[in-house]
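Topology and contacts: notes
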Amino acid sequence: MINIDPKSSTIEDCKLLTLPKIHNPAGNITALNGNIDLPFDIKRVYYLYDIPGGEERGGHAHKELYQLLIAASGSFDVILDDGKTKKTVNLNRPYFGIFIVPGIWRELVNFSSGAICLVLASNKYNENDYLRIYKQFNIFKKYKIK
Ligand code: TYD
């Protein structure tokens, strides 16, 4: 199991993964096995859909959670921020996924019409794992215990 210190994690730890694709003229399949096709065990799956035009999601960081975000349909941008540096990743095909490590602020923007954001997560929902205020995120990242 991957183990990254959330206080010192950076956007370079977040990787755009090309997911396995089983080609079929009648429609492709992508199958994701925890700890094999992605670097964590999957404990929860959720998805965002019916997102109104112009809406933005995310706007938080996690203290321990690992996630893989996939544009199962349509497209959107994921802005990743480690407190020092930001990068934007465009997801537009179901065989790409952005792997996000703990300690990274993320915002989801520019959803296309009908977009579905599929999320595979390393743990069950836990509100205590969230940093929802950017200032608190900055404090969390700044005071690394050595
Ligand atoms: P939130 O994580 O704030 O959404 P996003 O980051 O996508 O904008 O979650 C919105 C609401 O849904 C919040 O009240 C918590 C609830 N929720 C669950 O109950 N279980 C879950 O697995 C998730 C992701 C959210």
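So, how was this worked out
Residues numbered from 1 in each chain as written. Predicted model: local features only at pLDDT ≥ 70, side-chain atom pairs only at ≥ 80, totals over all residues. Heavy atoms only, no water. Core = buried A, V, L, I, M, F, W, Y, C linked by side-chain atoms within 4.5 Å. Buried < 20%, exposed > 50% of the residue type's maximum accessible area, 1.4 Å probe, protein only. Helix = DSSP H or I, 4+ residues; strand = E, 2+ residues; numbered from the N terminus. Near = heavy atom within 4 Å. Polar contact = N/O pair within 3.5 Å; in protein donor to acceptor, adjacent residues only side chain to side chain. Areas by Shrake-Rupley, 256 points an atom, 1.4 Å probe, with all protein chains shown as cover. Nonpolar A, V, L, I, M, F, W, Y, C, P; charged D, E, K, R; others polar. Pairing = 2+ DSSP bridges. Arc of directions from axis to C-beta. Contact = heavy atoms within 4.5 Å.

**Some words on the nonpolar core**
With 29 residues, the main nonpolar core has Leu69, Val78 and Leu80 as its most contacted residues. Among the elements of the structure, β4 (67-73), β5 (76-81), β6 (86-91), β7 (96-100) and β9 (116-121) are those that each provide at least two residues to this core. Ranked by residues supplied to this core, first place goes to β4 with four residues. Of all hydrophobic cores here, the second largest spans five residues; its members include Ala61, Trp105, Phe137 and Phe140.

**A word on the site of the ligand**
Looking at the ligand, the residues that line it are Arg44, Tyr46, Leu48, Arg57, Gly58, His60, Tyr125, Tyr130 and Arg132. Take His60: an N or O atom from its side chain is 3.3 Å from an oxygen atom of the ligand. In this structure, an oxygen atom belonging to the ligand sits 2.8 Å away from a side-chain N or O atom of Arg132. For the ligand, whose unbound accessible area comes to 530 Å², protein coverage reaches 60%. Elements supplying a minimum of two residues to the shell around the ligand: β2 (44-48) and β3 (57-62). Of the residues that constitute the shell around the ligand, the class distribution is four nonpolar, two polar and three charged.

**Some points on the pairing of β5**
By the criterion of burial, β5 is predominantly enclosed, with five of the six residues buried. Direction of pairing for β5 relative to β6: antiparallel, over a ladder of six bridges. If you follow Asp77 over to β6, its bridge partner there is Asn90. Here β5 folds back onto β6, and the loop between the two strands holds four residues, one of which, Gly83, carries a positive phi near 95°. Here β5 runs beside strand β8 (residues 105-109); their pairing, made up of five bridges, is antiparallel. Bridged to Leu80 within β8 is Arg106.

**Regarding the sheet that holds strand β10 (residues 130-131)**
The strand order across the open sheet formed by five strands is β6-β5-β8-β3-β10, and the pairing between neighbours is antiparallel. Taken across any chain shown, the strands that pair with only one partner, and hence form the sheet edges, are β6 and β10. When β3 meets β8, the two strands line up antiparallel, connected through three bridges. Looking at β8, one finds that Arg57 is bridged to Leu108.

**Some details on helix α1 (residues 134-142)**
Inspection of α1 places Phe137, Phe140 and Lys141 among the buried residues, and these make up the whole buried set. Buried positions in α1, seen along its axis, are confined to an arc of 95° and lie on one side of it. Exposed residues lying more than 90 degrees from the buried face of α1 are Lys135 and Lys142. Taken together, the buried residues of α1 touch β3, β5, β8 and β10.

Taken by themselves, the reported measurements are silent on function.
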